[in-house]
Amino acid sequence: MGRDFWKNFGVLIGAVLLSATASALIVWGMVAWAGLSHGDSARLFQAVGAVTVIFVGGVFAYWRLQIFRTFQPHLTISHEVSHRFIGDSYVHIAVTASLRNSSSVKIGLREALFSVQLIEPTLDEDIENLYAGVFIDKTQRDFQWTTLAEKPIQWEENETVVEPGESHQETCEFIVSRDITSVMIYTYFSNPMYSPRSQSSEGWYATTFYDRLSE
């Protein structure tokens, strides 16, 4: 937990103490003004105290959920894909992944994977097998398209850091056969702060279908 967390925590504790003090002063003033008996004033103190405890507990629970969610790392990924013909038989594909840090903690990238998967052309027999694996046999959650090429990327610690609210772009290039007309782009960036006990995800991914390779 960073300095901002403890700062916010201190602000919350201060607000709780101020609220409790204000409640006590208000009740004391009401008792003095109304001239209530000792038993009535005690019951009034108890009632106001119970309401204050419930209110403060609800605020604290909401704050705790929000603050811990805010301090979990999170990347929002989008793709920009382009292509051009090279030589007589090949197509060059450029994939730029834009990573936006939408959390309140910096994220030091360590591992990523870019891949290009074949959509078209695909044989009817292969399409039927893909369909059966997801909808009939249910052995797969997603279609297992043929991987044409993939490129893992690794960074040294603190080599590539995305600060809160900022963005980072990473570009990867591929070369595929010219007879390929449609592909799926898949990128995955692992979460360097993930642990089995954490509430954050293991990583973040994005997919883009690109059907313009014949143009």
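Nothing here was measured: the structure is a model prediction, and the numbers come from that model. (Residues numbered from 1 in each chain as written. Predicted model: local features only at pLDDT ≥ 70, side-chain atom pairs only at ≥ 80, totals over all residues. Heavy atoms only, no water.)

S.K.: Could you give me a rundown of the sheet that holds strand E9 (residues 203–210), with the residues and numbers involved?
M.R.: The sheet built from four strands is open, its strands ordered E5-E4-E8-E9 with antiparallel pairing. Each edge of the open sheet is held by one strand with a lone partner, namely strand E5 (147–154) and E9. Here the strands of the sheet are splayed against their neighbours by 10° on average, with no regard to which way each runs. Strand direction decides the pairing type here: strand E8 (residues 182–190) and E9, joined by eight bridges, are antiparallel. Counterpart to Ser190 in the pairing with E9 is Gly203. (Pairing = 2+ DSSP bridges. Helix = DSSP H or I, 4+ residues; strand = E, 2+ residues; numbered from the N terminus. Axes fitted to C-alpha atoms, helices over the stretch in contact; angles between N-to-C directions.)

S.K.: Please give an account of a negative patch on the surface that cites residues and values.
M.R.: On the surface, Asp124, Glu125, Asp126 and Glu128 cluster together to form a negatively charged patch. Structurally, Glu128 can be placed in helix H3 (residues 124–136). Note on Glu128: relative accessible area 53%, which makes it exposed. (Patch = residues over 30% accessible without salt bridge, like charges linked within 9 Å, V, L, I, M, F, W, Y side chains within 5 Å. Areas by Shrake-Rupley, 256 points an atom, 1.4 Å probe, with all protein chains shown as cover. Salt bridge = Lys/Arg side-chain N within 4 Å of Asp/Glu carboxyl O. Lys, Arg positive; Asp, Glu negative; His and termini not counted. Charge placed at Lys NZ, Arg CZ, Asp CG, Glu CD. Buried < 20%, exposed > 50% of the residue type's maximum accessible area, 1.4 Å probe, protein only.)

S.K.: Now, about the sheet that holds strand E7 (residues 167–177): what can you tell me, with residues and values included?
M.R.: Ordered by their spatial adjacency, three strands build an open sheet running E1-E2-E7, and the pairing between neighbours is antiparallel. Both edges of this open sheet fall to strand E1 (75–86) and E7, since each of them pairs with a single strand only. Adjacent strand axes in the sheet meet at a mean angle of 20°, parallel and antiparallel pairs treated alike. Sheet topology note: the strand E2 (residues 90–101)/E7 ladder contains 11 bridges and is antiparallel. Considered in E7, the bridge of Ser98 is made with Gln169.

S.K.: Before we move on, can you summarise a nonpolar patch on the surface with the specific residues and values?
M.R.: Residues Tyr131, Phe135, Ile136 and Phe143 make up a contiguous nonpolar surface patch of roughly 420 Å² in combined accessible area. Secondary-structure assignment places Phe135 in helix H3. Classification of Phe135 as partly exposed rests on a relative accessible area of 46%.

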